[in-house]
Amino acid sequence: MIERTGIGASPGIAIGPVYLHSANLPEVAVRRVKDTDAELEKLTLSEAKVQERLEGLQQLHGEDSEEAEVIGAHLLLLEDPEFTGEIRMLIEDDSLCAEAATLQVTEESAGMLESLEDEYLAARAADVRDVGTQLLKSIMGLPLETWDHLKVPSVLVASDFFPSETATIPPGMAVGLCTEEGSATSHIAVFARGMGLPAVVGVDLPPLEPGTRVAFDGETGQVYIDPPQDLIDRLRSQQEEQRRTREGAAERAHEPAVTRDGTRIEVAANIGSDEDAARAVELGAEGVGLFRTEFLFLDRTRPISEEEQYEAYRSVLSDFGDHLVVVRTLDVGGDKQVPGIEIGEELNPFLGLRGIRLTLARPEMMHAQLRALLRAGSAGRLGIMAPMVAGKAELLAFREALTEAERSLVADGLDYSTDYQVGIMIEVPSAALIADRLAPHIDFFSIGTNDLTQYTLAVDRTNREVADLADSFDPSVLRLIAETTSAAKPHQRWVGVCGAMAGDPQAVPVLIGLGVTELSVAIPSVPIIKERVRSLSMEDCREVAARCLEAVDAAQARQLLSEV
């Protein structure tokens, strides 16, 4: 048996024969053509064919799903003049054949995005390659479907999967997905979770023969190649236990999450669009702990207006009624370009102009967003929080921006909410360390454990070489969470967690034991996290949390939690 460790991207146990997938395209000959009109016609027909296919995939996965949102970004890319327009330019100006022009623009655009070494833009590079490959296949008269040779349920293994490939896997033919590239937030993870498939990404796999038996755990990232029967039996037992737990959690999804000794924990959802709200309500979410508004700004060919933002926010607030909807203001940086906003190139965008720093530097953009939020707040219970706050000066500037937005709405005679909550993300260690000075100026803290871990441990969580070191169970990260909850308590401020740690059943005892009262998780995880809360007592959680704070490392903390 060979063992490897990757990044757990979608929970569950997968056991089955390997199906090796690769997107092999024939070589494209660079040809000059005389009849450029004919080549342009080829491109136009191919765009229509790919558009029809993508729209069909959206309907297949449900228009409110995360998968449909990804496919929607591909449809926008088809309409983007900077992409398809550049292909047309190469055909018209350089007399290139349609397939060569498509390949050149696809590789140049994807390569540029990849060179920025950012997790979000790496996913955008995959989008570009996916759409470009579909166009190329259509131009060359090749079939767009890729699974003709998949005959038995298998563990699908690849360097990476395009979203359109994952979206077209025949039902019942994949028992799990395993890739050498990718991160826990890449498209493959989104699709795997949405389809209920276990997935491990970022695995350094040895050469594999088709049909080799592989097993893996999509939570821990452990991969076993040619495992012995006793290990298979143990994993199958885990599979059955997980199935029973999921079914029980689904049946009780709309019941509150109350510990055995009577402590209520709010379990909310992380969403990225107004379309996500209906799914979150359906699965029992008690509000929204994180509305990532950047998805409204990105994947567009023009800036989003205040009115468009208002409609999106109002829709979500209406869906959740009396439940709190926490909206994070725009959280992008110099490496994520937003239409209409010019940001200079930065050597280290993770430490540059991002989050609250960017919006304070672009007051007109923040002003429009805050106006839209305040107007929409009349439709429900609104919370507004600022990302990446590092100190008191940024927080006070944010509060002043809110006051100015209110003044402008009064001047314009527009209705708006005055009964809203204000919070900040705790993602930067400095904010956690001075949380006692920040607490008087806010209503809540929301801890983003992904970035807090990255900045605390100086580990790039998107780098496969060191990603396994970015462990949120590290006692240093837990102590910063404890600092935050301790600072919040005297001021009666509530503390939530909206990072990936909130959706990890193993982490629930330590988080609520440290004083966290709200967990905001990926939509499909809502029922299982509620069920996990119900299985615990606060007394046990406080005891294990205290022991985890004294652990020597993340491994010891995890071991302590495995006993709860």
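Below: a short report on this structure. On a predicted model such as this, the values are computed, not experimentally measured, just so you know. For every chain, the first residue of the written sequence is number 1, and numbering continues from 1 onward in sequence order. The predicted nature of this model means local features are confined to residues of pLDDT at least 70 and side-chain atom pairs, given and counted, to a pLDDT of 80 or more, with totals for whole chains, interfaces and linings taken over all residues. To get the side-chain values, take all heavy atoms of the structure and skip hydrogens and water.

## Considering the nonpolar core
- Buried residues of nine kinds, namely Ala, Val, Leu, Ile, Met, Phe, Trp, Tyr and Cys, make up a nonpolar core once their side-chain atoms join them within 4.5 Å. Here the term buried applies to any residue with accessible area under 20% of the maximum for its type, exposed to any over 50%, and partly exposed to those in between, with areas from a 1.4 Å probe on protein chains only. Residues Phe445, Ile481 and Leu519 are the most contacted members of the largest nonpolar core, which totals 92 residues.
- By the convention used here, residues are in contact when the closest approach between their heavy atoms is within 4.5 Å. Look past the residues within four positions of Ile481 in its chain and what remains in contact with it is Ile447, Thr449, Leu452, Met501, Leu511, Leu514 and Val516.
- Core analysis: the next-biggest nonpolar cluster, separate from the first, contains 33 residues, Leu57, Val70, Ala125 and Ala167 among them.

## Considerations on unusual backbone geometry
- Positive phi values are uncommon outside glycine, yet Ala458 reaches one of about 55°.
- Here a helix means four or more residues in a row that DSSP labels H or I, a strand means two or more in a row labelled E, and each is numbered from the N terminus. Tracing the backbone shows Ala458 in the loop between α17 (449-457) and α18 (475-488).
- Accessibility expressed as a relative area gives 71% for Ala458, which makes it exposed.
- Despite not being glycine, Gln492 shows a phi value in the positive range, around 55°.
- With respect to the helices and strands, the residue Gln492 is situated in the loop between α18 and β16 (494-497).
- Note on Gln492: relative accessible area 75%, which makes it exposed.

## Notes on helix α14 (residues 392-412)
- For α14, which comprises 21 residues, the first-to-last C-alpha distance of 31 Å matches the rise-based estimate of 30 Å (1.5 Å per residue) to within 8%.
- Those residues of α14 that sit buried are Glu394, Leu395, Phe398, Ala401, Leu402, Ala405, Ser408 and Leu409. All buried residues of α14 project into a common sector of 140° when viewed along the axis, lining one side. Seen from the open side of α14, the exposed residues pointing more than 90 degrees away from its buried face are Ala393, Val410 and Ala411.
- On the buried face of α14, the contacting elements are α12 (356-361), α13 (363-376), β13 (381-386), β14 (421-426) and α16 (435-438).
- Downstream of α14 by one or two residues, Gly413 has phi in the positive range, about 70°. The span one expects for a helix is its residue count, reduced by one, times 1.5 Å. Think of the arc as the fan of directions from the helix axis to the C-beta atoms.

## Observations concerning the sheet that holds strand β5 (residues 174-179)
- Here, any two strands with at least 2 DSSP bridges between them count as paired. Pairing within the open sheet is mixed, and its 8 strands lie in the order β1-β8-β7-β3-β4-β5-β6-β2. A single partner strand is all that each edge strand has here, and the edge strands are β1 (2-5) and β2 (7-10). Strand-to-strand twist in this sheet, taken as the mean axis angle between neighbours without regard to direction, amounts to 30°.
- Note on method: axes are straight lines fitted to C-alpha atoms, helices fitted across the in-contact stretch only, with angles between N-to-C directions ranging 0 to 180 degrees. Most of the contacts of helix α7 (residues 187-195) go to β2, to which it runs at about 45°, and overall it touches β2, β5 and β6 (199-201).
- In the packing of helix α8 (residues 229-251) onto the sheet, the strands contacted are β3 (13-20), β7 (213-217) and β8 (222-225), and the crossing angle to β3 comes to about 120°.

## As for the pattern of salt bridges
- The salt bridge criterion pairs a side-chain nitrogen of Lys or Arg with a carboxyl oxygen of Asp or Glu, the two atoms within 4 Å. Counted under the stated rule, the structure contains 27 salt bridges.
- The salt bridge involving Arg357 is made with Glu394; its shortest N-O contact spans 3.9 Å. A residue pair is termed long-range when its members are at least 10 positions apart, and Arg357 in helix α12 and Glu394 in helix α14 qualify at 37 residues.
- Residue Glu394 is classed as buried on the basis of its relative accessible area of 17%.
- For Glu550, the salt bridge goes to Arg479, with nearest N and O atoms at 3.9 Å. Taken together, the residues Glu550 in the loop between α21 (538-549) and α22 (554-561) and Arg479 in helix α18 connect sequence positions 71 residues apart.
- Given the relative accessible area of 60%, Glu550 is considered exposed.
- For Arg479, a relative accessible area of 44% puts it in the partly exposed group.

## Thoughts on the pairing of strand β12 (residues 324-328)
- Counting buried positions along β12 yields 5 of 5 residues, so the element is predominantly enclosed.
- With 3 bridges connecting them, strand β11 (residues 288-292) and β12 associate as parallel partners. Bridge pairing in β12 links Val288 to Val325.
- As defined by bridge partners, β12 adjoins β13 across 5 bridges and the pair is classed as parallel. Each residue of the ladder has a partner; that of Val326, found in β13, is Gly383.

## Here we look at the packing of aromatic side chains
- Ring pairs are drawn from Phe, Tyr and Trp, using the six-membered ring of Trp, whenever the two centres fall within 6.5 Å, and their geometry is named by plane angle: stacked under 30 degrees, edge-to-face over 60, tilted for the rest. Counting across every chain of the model gives 4 aromatic pairs.
- Ring centres of Tyr19 and Trp147 lie 6.0 Å apart, and the angle between their planes is 45°; on these two criteria the pair is classed as tilted. Here Tyr19 is found in strand β3, whereas its partner Trp147 is found in the loop between α5 (119-139) and β4 (154-158), with 128 residues between them in sequence. Note on accessibility: Tyr19 and Trp147 belong to one class, buried.
- A ring pair is formed by Phe291 and Tyr313, whose centres lie 5.9 Å apart and whose planes are at 85°; its orientation type is edge-to-face. With Phe291 in strand β11 and Tyr313 in helix α11 (residues 306-320), this residue pair connects regions lying 22 residues apart in the sequence.

By themselves, these figures tell us nothing about what the structure is for.
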